[in-house]
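Observations on chain architecture
Here is what each chain is made of, one letter per residue.
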Amino acid sequence: MFIENFLFGFKRKKVFALVGESGTGKSFRAKLVALRYGIDFIIDDGLLIRDNRILAGHSAKKEHTFLAAVKVALFDEKSHRDEVARKLQSEKFKRILILGTSEKMVYKIAARLQLPPPSKIVKIQDIATQEEIDKAIRTRRIEGKHVIPVPSIEVKRSYPNIFYDAIRIFKRRMTPEGNPRKLPAGIGPVPTLHEKSVVRPEYSKHGRVIISEAALSQMVIHCVDEYNQNIKIKKILVKDAEMGYRLVITIDVPYGIQLGGNIHEMQQYIIDNIERYTGILIEEVNIIIDKITE
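What counts and how
Residues numbered from 1 in each chain as written. Predicted model: local features only at pLDDT ≥ 70, side-chain atom pairs only at ≥ 80, totals over all residues. Heavy atoms only, no water. Pairing = 2+ DSSP bridges. Helix = DSSP H or I, 4+ residues; strand = E, 2+ residues; numbered from the N terminus. Axes fitted to C-alpha atoms, helices over the stretch in contact; angles between N-to-C directions. Contact = heavy atoms within 4.5 Å.

Taken in spatial order, the six strands line up as E4-E3-E2-E5-E1-E6 in an open sheet, and their pairing is mixed. Taken across any chain shown, the strands that pair with only one partner, and hence form the sheet edges, are strand E4 (53–57) and strand E6 (120–123). Recorded for the sheet is a direction-independent mean angle of 25° between the axes of neighbouring strands. Bridge count for strand E1 (residues 14–19) against strand E5 (residues 95–100) is six bridges, and the pairing is parallel. Paired with Val15 across the strands is Ile96, a residue of E5. Sheet strands touched by helix H4 (residues 78–90): strand E2 (41–44), strand E3 (47–50), E4 and E5. Its angle to E4, the strand with the most contacts, is close to 125°. Its contacts with the sheet place helix H5 (residues 103–112) against E1, E2, E5 and E6, and it is angled at close to 130° to E5.

Shown next, in the form of structure tokens:
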């Protein structure tokens, strides 16, 4: 009976995702998306947020290095994800919004927090103009400013060392369908006030930590050798993405290997091991088979 009740509750919860590259304004617009779809909870950069309050977790913004911040955002540490997962299980809610830099990232967060996979993905381009996105990116890169979608009093209490400023926004109430909410006759539109906090993370003061192409290539070689010593790597191409890396690996494989299942398993083996030991996000691993050898 417990398992049946758990699965019933699991199915009733609907997960939304807001996806966009780092610095494009996701946290700034998270509350607007939540209002539009009637969402109760927000997961953003390691925090569980409800009604302008931080309920659980800790912010990636407080980390001293970029790689440590990525680990927090992905709930890499068991104690961190268990804390947030337990809080979610104790709360009654129907809808939750997860923010992430890619679809892979939001799916991973949902799985780690024992939530259903996202059923609706909103892209930052759907809710912001290119001009607004470009402005947000410039602010991030030049000034190192980030946004946490909770009021300044909440951030000052938890993270006073990184607090920078507050932004107040008036927004007309909307229905979950995105239409203006109807009010009694004679009453004009009643705006709601939303306050967001601007912070300057420690890692933005020191600069981003980057893993070199040579170091990543060595990790790939080690992973492939561990998986199957007979597979020979001919070329590795590393592409730097906003919050992670994309890898293109050209290989020769011995005759007799089942190419479908085994190559897919090797892709996942590479991703899991690099992400586990470095904390960086591997967005994609493409395998090119150049030759089948005897």
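Even without glycine at this site, Asp45 takes up a positive phi of about 50°. For Asp45, the position within the fold is in the loop between E2 and E3. Phi at Phe75 is positive, roughly 55°, even though this residue is not glycine. Mapped onto the elements, Phe75 comes out in the loop between helix H3 (66–73) and H4.

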